[in-house]
Amino acid sequence: MTRPVRVRFAPSPTGNLHIGGARTAIYNWAFARRHGGSFVLRIEDTDPERSTTENTAQIVRSLRWLGLDWDEGPEIGGNYGPYLQSQRFATYNEALERLKRNGSVYPCFCTPDELNAKREAAQAANLSNTGYDRSCRDLPADEVAKRISDGESHTWRLKVPLDHGPVTFDDLVFGTTSFPIEQMDDFIILRSDGSPTYNFVVCIDDVSMDISHVIRGDDHLSNTPKQILVYEALGAPAPHFAHLSMILGPDGKRLSKRHGATSVEAYQQQGFLPEALLNYLALLGWSLDGETTVFSSDTLKENFGFDRISRNPAVFDETKLTWMNSAYIKAMGASFFVDAWLPYLQEVGFTRNGDTLLDASGALLSGTPATVEEVDADVITNRCWYEAIYPLVAERAKKLDEVNAMTAFLFSGDKVFYDEKSVEKCLRKPGIDKVLTRCLDELANEDMLWQHAELEEALRSLPEQLDLKPKVVFQAVRVAVCGNMVSPPLFESLELLGRKRTIARIKAARNLLL
RNA sequence: GUCCCCAUCGUCUAGCGGUUAGGACACCGCCCUUUCAAGGCGGAGAUCACGGGUUCGAAUCCCGUUGGGGAUGCCA
């Protein structure tokens, strides 16, 4: 009989969702979906000092943003709740009482200071085992009863069975792993303040939530034998374990804040698409076939398995993530693009008929940014125009946050922010005023359709007529209209800008030269 | 110190006894081109950490060494 697949992602809300946590969540999710099982979200908030509800909400938001869904969790409930560890203390107490009755735990009256002293002494003496010396393990029962009734501060420790033999388990990623019992410490499962510790509660929860597979970070590999001992004391079957190797920073050290952005939220803000992050993270330690790098979450769900998970730690390569993101932008299509771009438009207050002139750093020079509602309304009524921008930026933008700068010239009315270097190089040259004049002549025809093909048709012969290189002519027009020698394709840009503004800008640029 | 884990191009990886060691990112050329990109084509880049075995044959199996990571908390 194989029991139904039930997996969980159990972050502790002491910060927002970390890249490493996100990958763990993705693998849990993919495994559950692959096997038609359940994916449970459990919040490990037993440390009231560092846990906040805001962090919990942020983690939930990030997971959702990534496109993950779960079957049970704090905000959606389920048959195995509550899903906040802080609300499960009754379960932990009950389990502890059970362990007290069957003699697998004992009270320890050693103070933290004593323990520290012993530990330091053991380390100084180069002892092979620097764990607890078990001095409280065999205290006479009457003494124990008296000290407890006297109210003496004490913890509860797991009584490791000394004749147990090595603790062995088959890790789905690392294979058979074994720990000598002599190394196992009689670790604390209940603190002197009455709160249970991680290695205890995690077992209780996984048992009572009927978790079949524990998929988590490699940093828990050495905790696993401890937990197996707890399962055994409880008389409960241990789940299967799958440990995932760590994600490292570029320096080969464990990924942390000092490596820069490490939260999912930070990548979201930078303009990464959830599909791209998910794809990249999925590939960081797992491979579909060794060849395919871009694949959908459906493909992941259908193919994920532990047999193709790598055991070595992986360096997080933001360059490759960025490339992946650009691939997703190229493939997403105009409609999804506009939806994804919207928040960035709202941030600067761009609208089709706006006049927000920004300088090179993105600071407002003149004009009035639109409100969020106005941007919203504008995108709804001019959806086609916004979607027409997509092909211009799709091949250029690697991240969404770059799109505003790329298209700012479309939102500044008749004015243009001129990049000084571009003006010097492409505009302030002898004869350019004539180029612009001729250009205006060609565009003066009111009957001409203002579309890129017609515009190109109208201007294509200009270089030959003026006996100039195409580059000289078109770069001049580009700077006149866009303010910069680097811009999206010229004729498409003119089309989007419109007849009136294009002509106004070229005239303004010519006047600048005269 | 002790225990556990890991080791293929700069990076992510494929490989699971016989391959010219494959792919992707990044990098370098060339082509395309009115800018920037994108795209196409090509290139360089890995004595498979090192040393011993086993085998007709080892990146693949075994042992050791070195290096890295993790654990060793009244954190999770």
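Since the model is a prediction, treat every value here as computed from it, not as a measurement. (Residues numbered from 1 in each chain as written. Chains lettered and ligands numbered in written order. Predicted model: local features only at pLDDT ≥ 70, side-chain atom pairs only at ≥ 80, totals over all residues. Heavy atoms only, no water.)

### With respect to the protein's contact with RNA strand B
Looking at RNA strand B, there are 66 residues lining it, with Gln183, Arg191, Glu395, Arg396 and Arg478 nearest. When atoms of RNA strand B within 4 Å of the protein are split into backbone and base, the sugar-phosphate part holds 71%. Between Asn223 and RNA strand B, the recorded distance is 3.2 Å, taken from a side-chain N or O atom to a base nitrogen. At a separation of 3.3 Å, a sugar or linking oxygen of RNA strand B approaches a polar backbone atom of Leu283. (Near = heavy atom within 4 Å. Polar contact = N/O pair within 3.5 Å; in protein donor to acceptor, adjacent residues only side chain to side chain.)

### A short note on the packing of helix H17 (residues 432–443) against helix H22 (residues 499–513)
With their axes 9 Å apart at the nearest point, H17 and H22 run at an angle of 155° to one another. Regarding the angle of H17 to H22, the classification is roughly antiparallel. Helix-helix and strand crossings are classified by hand; for H17 and H22 the assignment is left-handed. Each of Ile432, Asp433, Leu436, Thr437, Cys439, Leu440 and Leu443 in H17 lies in contact with H22, whose residues at this interface are Arg499, Thr502, Ile503, Ile506, Lys507, Ala509, Arg510 and Leu513. A per-class count over the contact of H17 with H22 returns nine nonpolar, two polar and four charged. (Axes fitted to C-alpha atoms, helices over the stretch in contact; angles between N-to-C directions. Helix = DSSP H or I, 4+ residues; strand = E, 2+ residues; numbered from the N terminus. Parallel < 35°, antiparallel > 145°, perpendicular 65-115°, else oblique. Left-handed = near helix turned anticlockwise from the far one by under 90°. Contact = heavy atoms within 4.5 Å. Nonpolar A, V, L, I, M, F, W, Y, C, P; charged D, E, K, R; others polar.)

### Side note on a positive patch on the surface
A contiguous patch of positive charge, built from Lys421, Lys425, Lys429, Lys469 and Lys471, is present on the exposed surface. Mapped onto the fold, Lys471 is located in helix H20 (residues 470–482). Lys471 sits in the exposed class, given a relative accessible area of 64%. (Patch = residues over 30% accessible without salt bridge, like charges linked within 9 Å, V, L, I, M, F, W, Y side chains within 5 Å. Areas by Shrake-Rupley, 256 points an atom, 1.4 Å probe, with all protein chains shown as cover. Salt bridge = Lys/Arg side-chain N within 4 Å of Asp/Glu carboxyl O. Lys, Arg positive; Asp, Glu negative; His and termini not counted. Charge placed at Lys NZ, Arg CZ, Asp CG, Glu CD. Buried < 20%, exposed > 50% of the residue type's maximum accessible area, 1.4 Å probe, protein only.)

### Focus: the sheet that holds strand E3 (residues 105–108)
Working definition: the strands of a sheet are paired by backbone hydrogen bonds and lie parallel or antiparallel to each other. Strand order across the open sheet formed by three strands is E3-E4-E7, with antiparallel pairing between neighbours. Both edges of this open sheet fall to E3 and strand E7 (188–190), since each of them pairs with a single strand only. On average, adjacent strands in this sheet sit at an angle of 45° to one another, irrespective of strand direction. Where strand E4 (residues 155–158) and E7 come together, two bridges link them in antiparallel fashion. Across the sheet, residue Arg157 finds its bridge partner in E7, namely Ile188. (Pairing = 2+ DSSP bridges.)

### Section: empty space enclosed by the protein
Taken as a whole, this structure holds one cavity of 30 Å³ or more when the rule is applied. By volume, the largest cavity is sized at about 30 Å³. If you trace the largest cavity, you find it lined by Arg23, Tyr27, Leu244, Ser245, Leu284, Gly285, Ile309 and Ser310. Counted by class, the lining of the largest cavity contains four nonpolar, three polar and one charged residues. (1 Å grid on protein atoms, 1.4 Å probe; cavity = no way out; pocket = protein on both sides within 12 Å on 5 of 7 lines; lining within 4 Å. Points joined across faces, edges and corners; volume = space filled by probe spheres on them.)

### Notes on the confidence of the model for chain A
In this model, chain A carries a mean pLDDT of 93, and residues with pLDDT of at least 70 account for 100%. In the model output, the complex is listed with pTM 0.94 alongside ipTM 0.95. (pLDDT = per-residue confidence, 0-100.)

### With respect to unusual backbone geometry
Leaving glycine aside, a negative phi is the common case for residues, and trans is the common case for peptide bonds. One non-glycine residue, Asp210, lies in positive phi territory at about 60°. Looking at the secondary structure, you find Asp210 in the loop between helix H6 (198–208) and strand E8 (213–217). A positive phi is found at Asp467, a non-glycine position, where the angle reads about 60°. One can find Asp467 in the loop between helix H19 (462–466) and H20.

### Side note on the pairing of strand E2 (residues 38–41)
Sheet faces and side chains relate simply in a regular strand, where the side chains alternate between the two faces. Every second residue of E2 is oriented toward a common face, with Ser38 and Val40 on one face and Phe39 and Leu41 on the other, all of them buried. When strand E1 (residues 6–9) meets E2, the two strands line up parallel, connected through four bridges. Paired with Arg6 across the bridge in E2 is Ser38. In this region the chain leaves E1, passes through helix H1 (residues 19–34) and returns to the parallel neighbour E2; the handedness of that crossover is right-handed. (Right-handed = clockwise from strand over helix to strand, strands pointing away.)

### Considerations on the packing of aromatic side chains
What the rule picks out here adds up to 20 aromatic pairs. Ring centres of Phe31 and Phe306 lie 4.8 Å apart, and the angle between their planes is 40°; on these two criteria the pair is classed as tilted. On the criterion of sequence distance, the pair formed by Phe31 in helix H1 and Phe306 in the loop between helix H10 (297–303) and strand E11 (314–315) is long-range, its members being 275 residues apart. Across the pair, Phe306 and Phe31 agree in class, each one buried. For the pair Trp286 and Phe295, a centre-to-centre distance of 5.8 Å together with 85° between the ring planes defines the contact as edge-to-face. Accessibility expressed as a relative area gives 2% for Trp286, which makes it buried. Among the residues examined, Phe295 registers a relative accessible area of 7% and is labelled buried. Site record: aromatic cluster; members linked through ring pairs are Phe337, Trp341, Phe350, Trp385, Tyr386, Tyr390 and Phe411. One residue, Arg157, lies across the ring of Tyr132, its end atom 3.6 Å from the ring centre. A cation over a ring is seen here: Lys226 above Phe187, with NZ or CZ 5.6 Å from the ring centre. (Phe/Tyr/Trp six-rings, centres within 6.5 Å; stacked < 30°, edge-to-face > 60°. Lys NZ or Arg CZ within 6 Å of the ring centre and 35° of its normal.)

### Quick look at the domain arrangement of chain A
Per the domain assignment, the segments of chain A are domain 1 (88–244), domain 2 (332–413) and domain 3 (420–513). Measuring from the centre of the C-alpha atoms in domain 2 to the corresponding centre in domain 3 gives 23 Å. Contacts between the two partners involve 13 residues from domain 2, matched on the other side by ten residues from domain 3. Summed over both sides, the interface of domain 2 with domain 3 buries roughly 1,000 Å², with 63% coming from carbon and sulfur. Of all residues in domain 2, Leu392, Phe409 and Gly413 give up the largest surface area on contact with domain 3, accounting jointly for 54% of the area buried on that side. (Domains from an automatic or database assignment. Buried area = accessible area lost by both parts, 1.4 Å probe.)

### So, the pattern of salt bridges
Scanning the model with the defined rule gives 28 salt bridges in all. Residue Asp298 is joined to Lys301 by a salt bridge in which the shortest nitrogen-to-oxygen separation is 3.6 Å. Note that Asp298 and Lys301 are positioned in helix H10 at a spacing of three residues, about one turn of the helix. We note a salt bridge from Arg438 to Asp441, for which the minimum N-O separation is 3.7 Å. Linking Arg438 with Asp441, this pair stays in helix H17, spanning three residues, or about one helical turn.

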